[in-house]
Protein chains: 2
Amino acid sequence: MVDVFRALDDETRRLVLDELSARDGQTLFEICSVLTMRHGLSLTRQAISQHLGVLESAGLVDTERRGRSKFHYFNPEPLAEITGRWPTRKRTEQ
Amino acid sequence: MVDVFRALDDETRRLVLDELSARDGQTLFEICSVLTMRHGLSLTRQAISQHLGVLESAGLVDTERRGRSKFHYFNPEPLAEITGRWPTRKRTEQ
DNA sequence: TTGATATGCAAGCCCTCACTTGCCTATAGT
DNA sequence: ACTATAGGCAAGTGAGGGCTTGCATATCAA
């Protein structure tokens, strides 16, 4: 089990969320190619797979397997843990 | 320079933000005692100091020095980088 | 000035994390 | 059945992070 804060503490994982947010339901290979094409990342398929595992473990990504493909969906719900923890209010100037 | 995501990837630092959010303008020693009293943390003063340094480097904590004391203030502005990056919208069910 | 208080700096240790490499499983096509 | 595709598992490595220890600096009080 991985909490949301640690899952977000990685630029690659944040880029994965960006891509899934732009186009939901991509497979591992699609995400790999997009990351290398559009962001110049030279990472192994396993690296991306592990990142997706972390995101899934944090609840930020839901998966659905059909055949030999696995589709990934961005789930923003866990982000509420961040936004709700520190209610934004004005700093009390002493 | 530390980004917001890494600064938040530590429960101790999140507790520090909790305490500053509850009572703003505390000194290092006040934060240390509060963390040990209310959260059972057994950390050195230097550990907390380093955590405060990370939070300040991320812009989440502003400091103000008066005499030999340093007062810490919670600044929630950098949190906008998180809330604004992935606009919450419904998952496009295919 | 002397001593206590509040904080800073720096080196070292240990553990976690991101990434790679190598091999294995399962599904689809011919 | 054979081959290619899509993905999973596990061990190993290198770098960074959290924490401690030890010493140094600066401010206040007597």
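Use the structure listed above.
Residues numbered from 1 in each chain as written. Chains lettered and ligands numbered in written order. Predicted model: local features only at pLDDT ≥ 70, side-chain atom pairs only at ≥ 80, totals over all residues. Heavy atoms only, no water.

Caption draft 1: Representation of the protein's contact with DNA strand C in the model. Taken together, 23 residues form the shell around DNA strand C, and within it A:Arg6, A:Arg13, A:Thr44, A:His51 and B:Phe29 come nearest. B:Arg68 has a polar side-chain atom sitting 3.2 Å from a base oxygen of DNA strand C. Within the side chain of B:Lys70, one N or O atom sits 2.8 Å away from a phosphate oxygen of DNA strand C. Mapped by element, the contributors of at least two residues to the surface near DNA strand C are α4 (45–57) of chain A together with α3 (28–39), α4 (45–57) and β2 (69–74) of chain B. Class assignment for the residues of the surface near DNA strand C results in 4 nonpolar, 11 polar and 8 charged. (Near = heavy atom within 4 Å. Polar contact = N/O pair within 3.5 Å; in protein donor to acceptor, adjacent residues only side chain to side chain. Helix = DSSP H or I, 4+ residues; strand = E, 2+ residues; numbered from the N terminus. Nonpolar A, V, L, I, M, F, W, Y, C, P; charged D, E, K, R; others polar.)

Caption draft 2: Structural detail: the pairing of strand β2 (residues 69–74) of chain A. Residues and elements named next belong to chain A. In terms of strand pairing, strand β1 (residues 61–66) meets β2 through 6 bridges, oriented antiparallel. Along β2, the bridge assignment pairs Arg65 with Lys70. What sits between β1 and β2 in their antiparallel hairpin is a turn of 2 residues, with Gly67 showing a positive phi close to 65 degrees. (Pairing = 2+ DSSP bridges.)

Caption draft 3: A look at the protein's contact with DNA strand D. Taken together, 22 residues are adjacent to DNA strand D, and A:Phe29, B:Arg6, B:Arg13, B:Thr44 and B:His51 come closest. For DNA strand D, the fraction of protein-proximal atoms (within 4 Å) that sit in sugar or phosphate groups is 63%. In this structure, a phosphate oxygen belonging to DNA strand D sits 2.6 Å away from a side-chain N or O atom of B:Arg13. Put simply, the parts of the chain that give the surface near DNA strand D at least two residues each are α3 (28–39), α4 and β2 of chain A together with α4 of chain B. Counting residues per element, the surface near DNA strand D draws most heavily on α4(B), at 4 residues. For the surface near DNA strand D, a count of residues per class yields 4 nonpolar, 10 polar and 8 charged.

Caption draft 4: How the structure looks around the interface of chain A and chain B. Each partner contributes residues to the interface: chain A has 29 residues there, and chain B has 29 residues. Here chain A packs against chain B, burying approximately 2600 Å² in sum over the two surfaces, 49% of which is carbon and sulfur. Across the chain A-chain B interface, the total number found is 4 salt bridges. Across the pair A:Arg85 and B:Asp18 runs a salt bridge whose closest N-O atoms are separated by 2.7 Å. Joining chain A to chain B, the criterion identifies 6 residue pairs in polar contact (both at pLDDT 80 or more). For the side of chain A that touches chain B, the secondary structure elements donating two or more residues are α1 (4–8), α2 (11–22), β1, β2 and α5 (80–83) of chain A. Partitioned by chemical class, the residues of the side of chain A that touches chain B number 11 nonpolar, 5 polar and 13 charged. (Contact = heavy atoms within 4.5 Å. Buried area = accessible area lost by both parts, 1.4 Å probe. Salt bridge = Lys/Arg side-chain N within 4 Å of Asp/Glu carboxyl O.)

Purely spatial values, then, with no claim about function.
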